[in-house]
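Here's the letter readout for the chains.
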Amino acid sequence: MASKLDGTLFAGQQALTLRAHRQQVLAGNIANADTPHYQARDFDFATALRDALAGRSEGNLNLVTTSERHFQGSADPGMVRLMYRQASQASADGNTVDMDVERAQFAENAIYYEAGMSFLSGKVKTLLAALQP
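Everything numeric here is computed off the predicted structure, so don't read it as measured data. (Residues numbered from 1 in each chain as written. Predicted model: local features only at pLDDT ≥ 70, side-chain atom pairs only at ≥ 80, totals over all residues. Heavy atoms only, no water.)

A. Looking closely at the environment of A11. Assignment of secondary structure puts A11 in helix α1 (residues 2-31). Note on A11: relative accessible area 40%, which makes it partly exposed. Taking the C-alpha atoms as reference, A11 lies 9.7 Å from L120; in sequence the two are 109 residues apart. With residues up to four places along the chain from it excluded, the contact list for A11 reads L49 and L53. (Helix = DSSP H or I, 4+ residues; strand = E, 2+ residues; numbered from the N terminus. Buried < 20%, exposed > 50% of the residue type's maximum accessible area, 1.4 Å probe, protein only. Contact = heavy atoms within 4.5 Å.)

Following this line, the structure appears as C-alpha cells:
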C-alpha cells in the first residue's frame, strides 16, 4: 500500500523539490547582485523534472560499502545541471544579474511552488477521505 501512495505522490514531490531548489538558486542570484564578476545561474525546470521522473538525476554516485551489512545508496552532488544566464545588458564589473529578471523569476517560481503545494494537499486530503471507513 505504501508503494501505491509513493507512486501517487511521487511526481508532485519531485516537482516541489525542484521548485524549492530553483528558489534557492534564484535567491543566490539576488543576493549576489552587487558581487563583481558574479554570473547569474538557473536551470531548465521542465528538463530537470522530466529527468527526475525518468530517474535520470544528474551525477548520481554509488556509495562504496565496506561491509555486507551496509545499505546500498547513492549520493547526489547536484540535483540539476546549473547553467549560466545570458546577460541582457553588459555590466561594468562583469556581473550578469538583472534584478528585474531575477525578481520576476523568483515570484513566478514562488507562485508555482504554492500551486504545487495546494495540489498535493488536495491529493492527500482526497486519499485520507478515501481511507476513512
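B. Up close: the pattern of salt bridges. A full pass over the atoms with the stated rule returns four salt bridges. A salt bridge links D42 to R85, with the nearest nitrogen and oxygen atoms 2.3 Å apart. In this pair, D42 sits in strand β1 (residues 41-42) while R85 sits in the loop between β4 (83-84) and α3 (99-131), placing the two residues 43 residues apart along the sequence. According to the relative accessible area criterion, D42 is buried, its value standing at 12%. Among the salt bridges present, the one from E102 reaches R85, with a minimum N-O distance of 2.6 Å. Linking E102 in helix α3 with R85 in the loop between β4 and α3, this pair joins segments that are 17 residues apart in sequence. The class for R85 is buried, based on a relative accessible area of 16%. Connected through salt bridges with shared partners, the residues R22, D42, R85 and E102 form a single ionic network. (Salt bridge = Lys/Arg side-chain N within 4 Å of Asp/Glu carboxyl O.)

C. Main features of helix α2 (residues 45-53). Those residues of α2 not exposed but buried are F45, A48, L49, D51 and A52. The arc that holds every buried residue of α2, seen down its axis, measures 165 degrees, which confines them to one face. G55, located one to two residues past α2, shows a positive phi value of around 80 degrees. (Arc of directions from axis to C-beta.)

D. How the structure looks around the side chain of T96. Mapped onto the elements, T96 comes out in the loop between β4 and α3. Of note is the side chain of T96, whose polar atom sits 2.7 Å from the backbone nitrogen of A40. Leave out the neighbours within four places in its chain, and T96 touches Y38, Q39, A40, R85 and A87. (Polar contact = N/O pair within 3.5 Å; in protein donor to acceptor, adjacent residues only side chain to side chain.)

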